[in-house]
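Descriptive structure summary
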Amino acid sequence: MQGFGVDIGGSGIKGCLVDLEKGELVGERLRIETPQPALPDPVYGVVGGIVESFGWTGRIGVTFPGVMKHGVAYTAANVDKSWIGTDVDAGLGAFVPGTVETLNDADAAGIAEMRYGAGRDRQGVVLMLTFGTGIGSALFVDGHLVPNTEFGHIQVDGEDGEKRAAASAREREDLGYPEWARRVDRYLDVLEAGLWPDLIIVGGGVSKKAHKWVPLLSTRTPVVPAQLQNDAGIVGAALAASERPEH
Ligand code: BGC
């Protein structure tokens, strides 16, 4: 069976057909630069164009980098604030032929990892973290998602955790992996003080270089890199759209 997923990010909007048996993209994904400013209507236009270019007319799954409840965006930490309070499912519905299921980007990536990747068949408490512009989180209890956990915003030494430990902080401040790993370690210390996961999956582009920083972490929880990497959001969105009832 095939589905369709779109990943809305601060710099790019990516979409592709997805093979839901294998958890893989079918053919090449299409990536379009996110319009600036990234207001809802121009972003919907890009999503509509991507879906149309594949000739897909069915239901689509879409990721958004903020809290998403029942199709409505509640936060927008790293995107334009005009998204807050916007009914994305309804707004986007006017730009695509099928129905829309929108979910948090890290939740989508986590859903994909749990089904097809590093979290496959893992019971207990599994935490997926995505390191990018911010830090996204997805929490699973015996395979069931606890949505919108937003652990990127836990307070670490008086600041939002993601401010110092996101992958963007490493680039912005030109940190080497050992230095950045110390910050991630501190962030995970605080997270582990309140949560006892059985496994932590680390994703985002920086997980391709996991060998440079994961071995430096001193967490009590085992940490493994994500397996789907760049495609996890698209795959997870398509899967969520195919399995969640239309509303
Ligand atoms: C947002 C989350 C998002 C994460 C990764 C955070 O700043 O609050 O909703 O999942 O960034 O994009």
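Residues numbered from 1 in each chain as written. Predicted model: local features only at pLDDT ≥ 70, side-chain atom pairs only at ≥ 80, totals over all residues. Heavy atoms only, no water.

An unreviewed UniProt entry annotates the protein chain as Polyphosphate glucokinase originating from Blastococcus aggregatus. Reading the Sequence similarities (unreviewed entry) entry of the UniProt record for the protein chain gives the comment "Belongs to the ROK (NagC/XylR) family." (UniProt positions renumbered as here; feature names shortened; annotations may be inferred.)

**A few points about the packing of aromatic side chains**
Following the criterion strictly, the structure yields 9 aromatic pairs and no others. Taking 5.6 Å as the distance between ring centres and 55 degrees as the angle between the ring planes, the aromatic pair formed by tyrosine 44 and phenylalanine 95 counts as tilted. Placement of the pair is tyrosine 44 in helix α1 (residues 40-53) and phenylalanine 95 in the loop between α2 (88-93) and β7 (100-104), with a sequence separation of 51 residues. Taking the relative accessible area as the measure of exposure, tyrosine 44 reaches 2% and is therefore buried. (Phe/Tyr/Trp six-rings, centres within 6.5 Å; stacked < 30°, edge-to-face > 60°. Helix = DSSP H or I, 4+ residues; strand = E, 2+ residues; numbered from the N terminus. Buried < 20%, exposed > 50% of the residue type's maximum accessible area, 1.4 Å probe, protein only.)

**Things to note about the nonpolar core**
In terms of nonpolar packing, the biggest core is built from 28 residues, with Leu129, Phe131, Tyr187 and Trp213 touching the most fellow members. The set of elements that each furnish at least two residues to this core consists of β8 (125-131), β9 (135-141), α6 (177-194), β13 (199-203) and α7 (210-213). Dropping the residues within four chain positions of it, tryptophan 213 is found in contact with Phe131, Tyr177, Trp180, Ala181, Val184, Val202, Val206 and Ser207. Leu103, Ala108, Val126 and Leu199 belong to the second largest nonpolar core, which has 26 residues in total. (Core = buried A, V, L, I, M, F, W, Y, C linked by side-chain atoms within 4.5 Å. Contact = heavy atoms within 4.5 Å.)

**Points about α1**
Here α1 contains 14 residues, and its C-alpha end-to-end distance of 20 Å stays within 8% of the 20 Å for a straight helix at 1.5 Å per residue. Considered for burial, the residues of α1 that qualify are Pro40, Val43, Tyr44, Val46, Val47, Gly48, Ile50 and Val51. In this structure, the buried side of α1 is in contact with β1 (2-8), β2 (12-19), β3 (24-33), β4 (60-64) and α2. After α1 finishes, the residue glycine 55 shows a positive phi value of roughly 70 degrees. (Expected span 1.5 Å × (residues − 1).)

**With respect to the sheet that holds strand β14 (residues 223-225)**
Pairing in this open sheet of 5 strands is mixed, and the strands run β10-β9-β8-β13-β14 from one edge to the other. Of all the strands in the sheet, the pair left with one neighbour each is β10 (144-146) and β14. The mean inter-strand angle of the sheet, taken between neighbouring strand axes irrespective of direction, is 30 degrees. When β8 meets β13, the two strands line up parallel, connected through 5 bridges. Bridge pairing in β13 places leucine 129 opposite valine 202. Along the sheet, helix α3 (residues 105-116) contacts β8, β9, β10 and β13; its crossing angle with β9, the most-contacted strand, is approximately 45 degrees. The strands touched by α6 are β8, β9 and β13; relative to β8, the strand with the most contacts, the crossing angle is about 145 degrees. (Pairing = 2+ DSSP bridges. Axes fitted to C-alpha atoms, helices over the stretch in contact; angles between N-to-C directions.)

**What to know about the environment of methionine 1**
With respect to the helices and strands, the residue methionine 1 is situated in the segment before β1. Taking relative accessible area as the criterion, methionine 1 reaches 57% and is therefore assigned exposed. For methionine 1, the contacting residues outside a window of four places in its chain are Val18, Asp19, Leu20, Glu21 and Ser242.

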